[in-house]
Structure formats: C-alpha cells, structure tokens
Amino acid sequence: MAGSWPRSPGGRRRLRDDGVRTHTSSEQSKVEDVVQEVFDTYKTSHHAAQLMLQREKHFHYLKRGLRQLSEAYECLDASRPWLCYWILHSLELLEEPIPDTVASDVCQFLSRCQSPHGGFGGGPGQHPHLAPTYAAVNALCIIGTEEAFGVINRKKLLEYLQALKQPDGSFLMHIGGEVDVRSAYCAAAVASLTNILTPALFAGTAEWIARCQNWEGGIGGVPGMEAHGGYTFCGVAALVILKKEHLLNLRSLLHWVTSRQMHFEGGFQGRCNKLVDGCYSFWQAGLLPLLHHALHAQDDAALGMTRWMFDQAALQEYILLCCQCPAGGLLDKPGKSRDFYHTCYCLSGLAIAQHFGSGNLHQEVVLGVPENRLQPTHPVYNIHPEKVVKAVLHFSQQPLPGLEATG
C-alpha cells in the first residue's frame, strides 16, 4: 500500500515546557523549529505531497564508499568491518546487487581482519573485538557465497567467545575490555548464525541481561544504568536468540520504547529527554517487531495483527523528509552530516516501518511513491531475512567445533 502525506499539522505536538526553560527544552525547541521549516518548505514546493526516497543518489554514495573513502574516515580505522556491513546492508535494502568481484574483495579484506586467535579486529592486524566480529559476520552473511562463509574460522571464533565469557553470564567486548549488553548480543548473534551456540557458552547470560532492565522499562548497558535504545535493542535481540524474552517485564518495556517516538518529529530518541536521531529509527523501532512476537507468544489479546505498535507513517515521514542528504546518504537530523552509519540505520528503520509481519500476515505500508519500498530486514540480525536463513542452513550442516568425528 502506498500513501501520501500522513499527518495534518495538528497531528504533531510541539514541546510544552510549562514555562520552565532549560537547556534540554531549548535544544528540543530548536530541533522542532528546524523540522517545522523542513515540513513547511516541502509542502510549499510539492503540491502533490508525494515523498520520495532518493535511491539513485544513495546508491552512488554507497558504491563509492565501498571502493574509496576520504581522509575524514581515518578516525574509523578501527571500524572497517563496520563500514563493510553498513554499506552492504544499505545496498541490499535498496535491492542493489553487489558485483562478484567486489564481494570477493570484501571477503579477502575481512579475512585479513580475522585474528588467528578467533574473532575479527577493526582492521588487518588489529586485536579482535566483539563489535567488528559482529559486523564482519553480518557482512559475510549478506554476501552469502561459499567464499564468504569459508572466511569464518568457527573453531577459533568459539574459542574466542569462550575466552570472553564471564562467570556472571556476561561477556567482555574484548580481552581486558569492558562488559555491557552489546557484547552479549554480538556474541549471541554470531554464535547463532554460525552454529556455535551452546547452552554452556550462554549459561547465565539471559539472566544477566534481564538484570539490566531498570525501573524505566528499558535496558541499560549494565545493571543499574539508565535505559538506552541501543542497549535495549541488544538486550532484547539477544534474549530472542536465547529464547528467554519472558524474563523481561515486556509491558514496561513496551511503554518505554513507544514513549521514545517523538510527538512532533515522528522519529525516535535514544533516551528520555534526548533529541531525535535517525539511527534510532532502527534501534528503537526494530524493538517493536521483537516485542510483538514476544507478546503474541504470551497470547496478549490487545495485539493487532496489521501493524506494529508505533506510528509507522510518522517514522517514514521523518526519514524521507528530514534524514536524506541531497547528495546521497542519510543523516541524524537536519543540519547534520551524512555518514554510512546513519545511512544504514535510517534505511533499516524505514524498512521496519514499511513491512509488518511475514508469510500470510505480511503487510506493507509504503509512504510516498511505490518506488520507496525497501527490502525487508530481519529485526534480530538486521540483514535480509533470506540471508539469515541461508547462513543458518549452511552452518547447520557443519558439526559444532570440537565435536567432529574422529578416527
């Protein structure tokens, strides 16, 4: 289903500060002013009010990034597998094929990022770390060739995860590094995709994650910390993989995440009293399919079966109007610079907002022209659902490392 302008100006509610001006309320009002200007400019210059995703411009921005980056990206030298993943996933959402030569080059590059001790580093020769390990495995699963799957040393990856596991169920991000919910998710994601997930490896992990849910309803980085959209997604997605979502207070979590959608802008904030940011289009909105499935498993009678529990049209409106760079690529909010991170997660959030359910229950709500439609994304792994199935099937045919037949 395609749609046009979703909300009248009266459908958006501006901040009411009750006459008490603070730095937080001042910054929020500035963002609302800029967003209002974007809305007004669009309505003035587009009589048909048909929102458009600038697919071709985004494609060329992404295509250039796979081959060459400016010196401005030097600060991301320890995040090079992430750049591969952000770009490849954006391209698959846009239904842009990856040439075989480019895919093979990415495989060879990521193989050089793999540590002989297991896991992947942020670049060739760098120490392994769970974040680039997650990004590298996702990128290789998106490519989905025998060469890509063959890059992953499952035996060493399992040994690396075992070395990071802590007695309380949590995981270090890297040897000698910090513990937080991201590491539990990254570990569970790569282990489940590559068929090295064992009960022993994740003993106590689900219970540790559940302790990170706080009084707000969301999940913090560690027990006792403020709820945050990125950590909440990681915690819930990890529990979905471990089939332990029931350990959370799901109703409290639902209230927290739906309260993070901004009444005026339509996008999501990452925490209470923070500004809207395009990347939370996925980190927050991606939680709603996971929560929908978890509540459905509990036979929640209040669930609808036609849409997610957030304003899908409002999120699409924010992304299409406020997050597209005229030269290609997507961004945090008007006035910010484009980058591959926000391009990936704005498009991922747009895909979540366009697609409800799967199979016979699948429904689409595509705001603007029909060509705005993106490919769906898996809400747990954030790669195409078919790529998840292909990877799981491939690795399920391989024995758990250490249990190979002998003799």
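See the structure printed just above.
> How would you summarise the pattern of salt bridges if you had to cite specific residues and measurements?
Any two side chains of opposite charge can pair, so long as their charged atoms come close to each other. Taken as a whole and judged by the stated rule, the model has 17 salt bridges. Taking the shortest distance from any N to any O, the salt bridge between Arg21 and Asp17 comes out at 3.5 Å. You can call Asp17 partly exposed: its relative accessible area is 25%.

> Requested: an account of the layout of surface pockets, with residues and values cited.
Of the volumes computed, that of the largest pocket is approximately 650 Å³. Contributing to the lining of the largest pocket are 25 residues, with Pro289, Trp308, Gly357, Ser358 and Pro379 lying nearest its centre. If you list the elements that add at least two residues to the lining of the largest pocket, you get helix 13 (287-297), helix 15 (340-354) and strand 2 (355-356). Looking at the lining of the largest pocket element by element, the count peaks at 5 residues for helix 13. Of the residues assigned to the lining of the largest pocket, the class counts are 13 nonpolar, 11 polar and 1 charged. Its boundaries defined by the atoms lining it, the second largest pocket holds a volume of some 510 Å³.

> Break down unusual backbone geometry for me, citing the residues and quoting the values.
With a phi angle near 70°, Asn273 is a residue other than glycine that sits in the positive phi range. Tracing the backbone shows Asn273 in the loop between helix 11 (250-258) and helix 12 (280-283). Looking at Asn273, the relative accessible area reads 58%, which means it is exposed. Located in the positive-phi region is Asp299, a residue other than glycine, with phi close to 60°.

> Got a sec to walk through the packing of helix 8 (residues 181-193) against helix 10 (residues 229-241)? Specific residues and values, please.
Where helix 8 meets helix 10, the axes come as close as 8 Å, and the angle between the chain directions of the two elements is 35°. Crossing of helix 8 against helix 10: the hand is left-handed. Across the interface between the two elements, Val181, Arg182, Ala184, Tyr185, Ala188, Ala189 and Ser192 from helix 8 touch Tyr231, Phe233, Cys234, Gly235, Ala237, Ala238 and Ile241 from helix 10. Residue composition of the contact of helix 8 with helix 10, by class: 11 nonpolar, 2 polar and 1 charged.

Quick notes on the rules
- Starting from 1, residues in each chain are numbered consecutively following that chain's sequence as written.
- Per-residue local features are limited, in this predicted model, to residues with pLDDT of at least 70; the limit for side-chain atom pairs, both in listing and counting, is 80 or more; totals at the level of whole chains, interfaces and linings are taken over all residues.
- Neither water nor hydrogens contribute to the side-chain values; these are computed over all heavy atoms in the structure.
- Any carboxyl oxygen of Asp or Glu that lies within 4 Å of a side-chain nitrogen of Lys or Arg is treated as forming a salt bridge with it.
- Buried, partly exposed and exposed residues are distinguished by accessible area as a fraction of the type maximum, computed with a 1.4 Å probe on protein chains only: under 20%, between the cut-offs, and over 50%, respectively.
- A cavity, in this analysis, means grid points on a 1 Å lattice covering only the protein atoms where a 1.4 Å probe fits yet has no way out; a pocket is instead an open set bounded by protein on both sides within 12 Å along at least five of seven lines, and a residue lines either one if it has an atom within 4 Å of a point.
- Grid points are joined across faces, edges and corners, and a volume is the space filled by probe spheres set on the points.
- Secondary structure follows DSSP: runs of H or I at least 4 residues long count as helices, runs of E at least 2 residues long count as strands, and numbering of each begins at the N terminus.
- Residue polarity is assigned by list, with Asp, Glu, Lys and Arg as charged and Ala, Val, Leu, Ile, Met, Phe, Trp, Tyr, Cys and Pro as nonpolar; anything else, Gly included, falls into the polar class.
- As a rule, the C-alpha atoms of each element are fitted with a line to give its axis, helices using only the stretch in contact, and angles between N-to-C directions run from 0 to 180 degrees.
- Crossing handedness: left-handed means the near helix sits turned counterclockwise from the far one by under a right angle, and right-handed means the same turn made clockwise.
- Residues are treated as being in contact if the distance between any of their heavy atoms lies within 4.5 Å.

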